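Analysis of the macromolecular model
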Amino acid sequence: MEIPKKPLPVVNPWAKPFWEACREKRLAIQKCKECGKHVFYPRIACPHCFSDRLDWVEASGKGTVYTYSVVVSNAPSAFIKDMPYVIAVIRLEEGVQMLSNVVECKPEDVRCDMPVEVTFEKLDEQFTLPKFRPIST
Ligand code: ZN
């Protein structure tokens, strides 16, 4: 049986700077010029104060695992070969949350509040995905 290709991200015009930064292995998030809060996912207006004065800034790339799930069965067909894999909500130092994968460790070693840092996985010329790995202390 042929395994289907993984779906690629759909890029909104206002999310382009995020994907451009990923290609350069930088994690970019938005910051509101009005209220100073960080914003992720990319938006056209601040979800805190509704200002449209959003800047792009570089995130530290560091954060912690807020919650996670280990996929051990019934993955979508394009992801079957990846099992077991970890889907996680990462809380960045900047306060925003990002849905991603935890990589470069055994799934059973992942814990909530575990410190992680961004690493980038290049899919093709257009897309590089931010993923997270444990920070070795
Ligand atoms: Zn704001």
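Residues numbered from 1 in each chain as written. Predicted model: local features only at pLDDT ≥ 70, side-chain atom pairs only at ≥ 80, totals over all residues. Heavy atoms only, no water.

Observations regarding the coordination of the zinc ion
Here is the rule we go by: Here a donor is any nitrogen, oxygen or sulfur atom (N, O, S) within 2.8 Å of the metal, with 3.2 Å used for Na, K and Ca; water is not among the atoms considered, so some sites may look incomplete. Only two sets of limits are used to name each site, 85 to 135 degrees for every angle of a tetrahedral four-donor site, and over 155 degrees for opposite donors with all other angles from 65 to 115 for a square planar four-donor or octahedral six-donor site, with any other site named irregular. Categorising residues by exposure relies on relative accessible area from a 1.4 Å probe, with only protein chains included: less than 20% of the type maximum marks a residue as buried, more than 50% marks it as exposed, and the intermediate range marks it as partly exposed.
Protein-derived ligands of the zinc ion are Cys32 (SG), Cys35 (SG), Cys46 (SG) and Cys49 (SG), with the metal-ligand distances lying across 2.3 to 2.4 Å. Given 4 donor atoms and angles of 103 to 118 degrees at the metal, the environment of the zinc ion is assigned as tetrahedral. A relative accessible area of 1% means that Cys46 is categorised as buried.

A closer look at the nonpolar core
To keep it simple, the criterion reads: By convention a nonpolar core is built from buried Ala, Val, Leu, Ile, Met, Phe, Trp, Tyr and Cys residues, the set being connected through side-chain atoms within 4.5 Å. Numbering of helices and strands runs from the N terminus; a helix is a DSSP stretch of H or I covering at least four residues, while a strand is a stretch of E covering at least two. Contacts are assigned to residue pairs with any non-hydrogen atoms lying within 4.5 Å of each other.
Of all hydrophobic cores here, the largest spans 23 residues; its most connected members are Leu27, Val65, Ile90, Leu92, Met98, Val102 and Phe132. At the level of elements, helix H1 (16-23), strand S5 (85-92), strand S6 (97-102) and strand S7 (115-122) are the ones that each hand at least two residues to this core. Looking at which element gives the most residues to this core, the answer is S5, with 4 residues. Contacts of Met98, omitting those with residues within four sequence positions, involve Phe18, Leu27, Ile29, Phe40, Ala88, Val89, Ile90, Leu92 and Phe132.

Remarks on the side chain of Ser51
Counted only if it meets this: Any pair of nitrogen or oxygen atoms within 3.5 Å is treated as a polar contact; in protein, a donor-acceptor pairing is required on top of that, and neighbouring residues in sequence qualify only through side-chain atoms on both sides.
Relative to the helices and strands, Ser51 is located in the loop between strand S2 (38-39) and strand S3 (54-58). In this structure Ser51 comes out as buried when scored by relative accessible area, which is 10%. Separated by 2.9 Å, the side chain of Ser51 and the backbone nitrogen of Arg53 make a polar contact. Aside from chain neighbours lying at most four places away, what touches Ser51 is Cys32, Glu34, Ala45 and Cys46.

Things to note about the pattern of salt bridges
Formally: Each reported salt bridge corresponds to a side-chain nitrogen of Lys or Arg within 4 Å of a carboxyl oxygen of Asp or Glu.
Applying the stated rule across the entire model yields 9 salt bridges. The partner of Glu34 in a salt bridge is Arg53, and the shortest N-O contact between them spans 3.0 Å. Of this pair, Glu34 sits in the loop between strand S1 (28-32) and S2 while Arg53 sits in the loop between S2 and S3; the two residues are 19 residues apart in sequence, bridging distant segments of the chain. You can call Arg53 partly exposed: its relative accessible area is 41%. Arg133 is paired through a salt bridge with Glu104; the nearest N and O atoms lie 3.5 Å apart. Of this pair, Arg133 sits in strand S8 (residues 128-134) while Glu104 sits in the loop between S6 and S7, and the two are 29 residues apart along the sequence. Among the ionic contacts, a cluster of salt bridges with common partners joins Glu24, Arg26 and Glu58.

Distances and angles like these do not, on their own, reveal function.
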